[in-house]
Number of protein chains: 2
Amino acid sequence: MKIYVVGIGPGGIDELTPRAYKTLESCTIIAGYKRYVDLIRKYFPEKSFMISSMRQEIERCENLLDAVKENNVDGALISSGDAGVYGMAGLMLEIASGSGIEVEVVPGITAANSAAAVLGAPLMNDYVNISLSDLMTDWNTIAKRLVLASEGDFVICLYNPASNHRPENFKKACRILLKYKSPDTPAGYVRNIGREGQEFTIMTLNEIQHCDKIDMLTTVIIGNSQSYIQNGKIITPRGYKLE
Amino acid sequence: MKIYVVGIGPGGIDELTPRAYKTLESCTIIAGYKRYVDLIRKYFPEKSFMISSMRQEIERCENLLDAVKENNVDGALISSGDAGVYGMAGLMLEIASGSGIEVEVVPGITAANSAAAVLGAPLMNDYVNISLSDLMTDWNTIAKRLVLASEGDFVICLYNPASNHRPENFKKACRILLKYKSPDTPAGYVRNIGREGQEFTIMTLNEIQHCDKIDMLTTVIIGNSQSYIQNGKIITPRGYKLE
């Protein structure tokens with residue numbers, strides 16, 4: 001009996017690693033948020049799936065733990081991207097603690113990296129990942145982190161930039177960044193990364209604050225002071241001296 | 001004619017995505033730093049390889065660009081982990097600019113995520129990636145970023161924590177972090193992630209500063225104020241309220 005928390009990458013089967021694929025193949029039960037299960041379900045027709053809704057994360061972990069114990073089988077809990085980045089890895093470890101069931105995390109490609117590849121090479125220097133969801137982190141902490149990340153001239157990758165419950169967080173975040181970063185700083189978003197309907201746009205920080213495409217299916221990357229746009233890509237130089 | 005910059009993940013073929021595999025299969029020439037080419041060479045016996053040493057990054061990109069143009073073929077440039085994180089993606093885009101040759105970045109699992117999975121779930125909240133290599137970023141900038149990341153209570157992932165050329169950078173970084181973070185903050189390193197000889201240890205920030213295993217093949221993760229160690233794993237809670 002073992003539980004694997006598996007990052008399935010951005011969504012296409014082509015970005016699921018062989019290790020993640022084999023892990024899912026080896027498990028009897030696969031649990032996950034419905035949207036993510038739908039992405040992989042057809043590749044594992046023999047499996048027993050446990051589907052749950054958003055905000056049922058605790059129940060999802062508890063139910064999988066119970067099912068694994070009851071049936072004496074291995075189970076997998078999937079997250080999109082990497083399970084260890086705003087995903088299910090930590091919660092599953094917390095909930096399984098003391099159960100005697102071992103939990104192994106199988107990494108996947110997280111949205112920062114898949115978005116960066118679409119946008120060019122914005123993350124070539126030091127960067128931060130900040131989630132704008134204030135469900136579990138208070139806004140003052142998020143705002144403070146945005147200030148410090150700007151003061152450090154980090155490239156900034158924003159997860160969960162906006163949702164129906166908090167449509168204003170992204171604009172509020174941009175207003176903070178604009179106090180420290182040039183309005184011309186390159187910025188881009190990718191929506192539905194690696195999935196049907198993928199779209200992206202590259203613009204400036206000043207422009208992206210007004211962009212109405214930013215929602216919970218979107219990842220946003222804002223460059224540092226050295227970033228520039230060339231041939232429709234964002235490049236943050238690593239610092240090599242080119243002639 | 002096209003150039004792909006491909007992240008091969010931590011090193012094992014099991015963590016190379018199908019997309020990356022197919023991309024390498026589709027190219028005539030594969031270029032890269034010798035250590036990384038050696039990791040994948042046996043899976044692509046038909047390919048023409050262009051091998052270069054460390055610190056020959058500019059020549060590596062220029063030579064691949066020339067070879068692709070001369071032979072009118074597709075070429076791949078590989079990076080370990082993700083090519084967009086301290087890898088070759090940015091430089092290749094810069095060097096190919098104006099050549100008329102399109103460059104596409106194929107993402108891979110970067111060391112922060114593969115190390116985190118080995119250590120448990122340390123990256124569940126906002127985190128920064130900082131490289132301690134001062135070859136291309138001056139130490140004052142690195143030191144300032146370490147301070148700001150600590151003030152923001154970010155989880156901190158250190159790339160290139162030490163090398164033969166700068167053995168002291170890691171200890172200097174720890175001394176900075178210890179001014180802001182508790183000495184009991186969970187910290188861990190993973191060496192040779194996903195490769196033969198993988199090893200990891202979990203300890204405290206106070207202990208890791210004296211650790212003599214930290215070198216250029218190592219990734220270090222230092223928790224935030226909420227991180228804790230349980231069953232030999234580092235967990236940074238996302239913030240779910242558990243009973």
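Above this text you will find the structure in question.
Reading the values: rules and limits
- Residues numbered from 1 in each chain as written.
- Chains lettered and ligands numbered in written order.
- Predicted model: local features only at pLDDT ≥ 70, side-chain atom pairs only at ≥ 80, totals over all residues.
- Heavy atoms only, no water.
- Helix = DSSP H or I, 4+ residues; strand = E, 2+ residues; numbered from the N terminus.
- Buried < 20%, exposed > 50% of the residue type's maximum accessible area, 1.4 Å probe, protein only.
- Contact = heavy atoms within 4.5 Å.
- Buried area = accessible area lost by both parts, 1.4 Å probe.
- Salt bridge = Lys/Arg side-chain N within 4 Å of Asp/Glu carboxyl O.
- Core = buried A, V, L, I, M, F, W, Y, C linked by side-chain atoms within 4.5 Å.
- Least-squares fit on C-alpha atoms with pLDDT ≥ 70 in both.

> Account for the environment of A:Ile40, with residues named and values stated.
Residue and element names in this part refer to chain A. With respect to the element layout, Ile40 can be found in helix α2 (residues 34-40). The class for Ile40 is buried, based on a relative accessible area of 3%. Discounting chain neighbours no more than four positions away, the residues touching Ile40 are Ile8, Leu24, Ile30, Phe49 and Ile78.

> Outline unusual backbone geometry, listing residues and values.
If you check the backbone angles, A:Asn192 has positive phi at about 55° while not being a glycine. Tracing the sequence through the fold places A:Asn192 in the loop between β9 (186-191) and β10 (199-204). The class of A:Asn192 is buried, set by a relative accessible area of 15%. Even without being a glycine, B:Asp153 presents a positive backbone phi close to 55°. As for its position among the elements, B:Asp153 is in the loop between α6 (139-151) and β8 (155-159).

> Tell me what's going on with the interface of chain A and chain B, and back it up with residues and numbers.
On the side of chain B, 66 residues touch chain A, which itself brings 66 residues to the contact. Buried surface at the junction of chain A and chain B, both sides included, amounts to about 5900 Å², of which 57% is carbon and sulfur. For the chain A face of the interface with chain B, the top three residues by lost area are A:Met136, A:Arg145 and A:Tyr240, together amounting to 12%. The tally of links from chain A across to chain B stands at six salt bridges.

> So what's going on with the nonpolar core? Which residues, and what values?
Counting 54 residues, the largest nonpolar core has A:Leu146, A:Ile208, B:Leu146 and B:Ile208 as its most contacted members. Beyond its immediate chain neighbours, meaning those up to four positions away, B:Leu146 contacts B:Ile130, B:Leu132, B:Trp139, B:Leu158, B:Ala173, B:Ile176 and B:Leu177.

> Please provide a residue-by-residue account of the relation of the copies chain A and chain B, values included.
Laying chain A over chain B is done by rotating through 180° and shifting 0.0 Å along the axis; what remains is an RMSD of 0.0 Å. Taken together, the rotation angle and the small translation identify this as a two-fold axis. Most of the interface of chain A is mirrored in chain B: 100% of its interface residues are interface residues there too.

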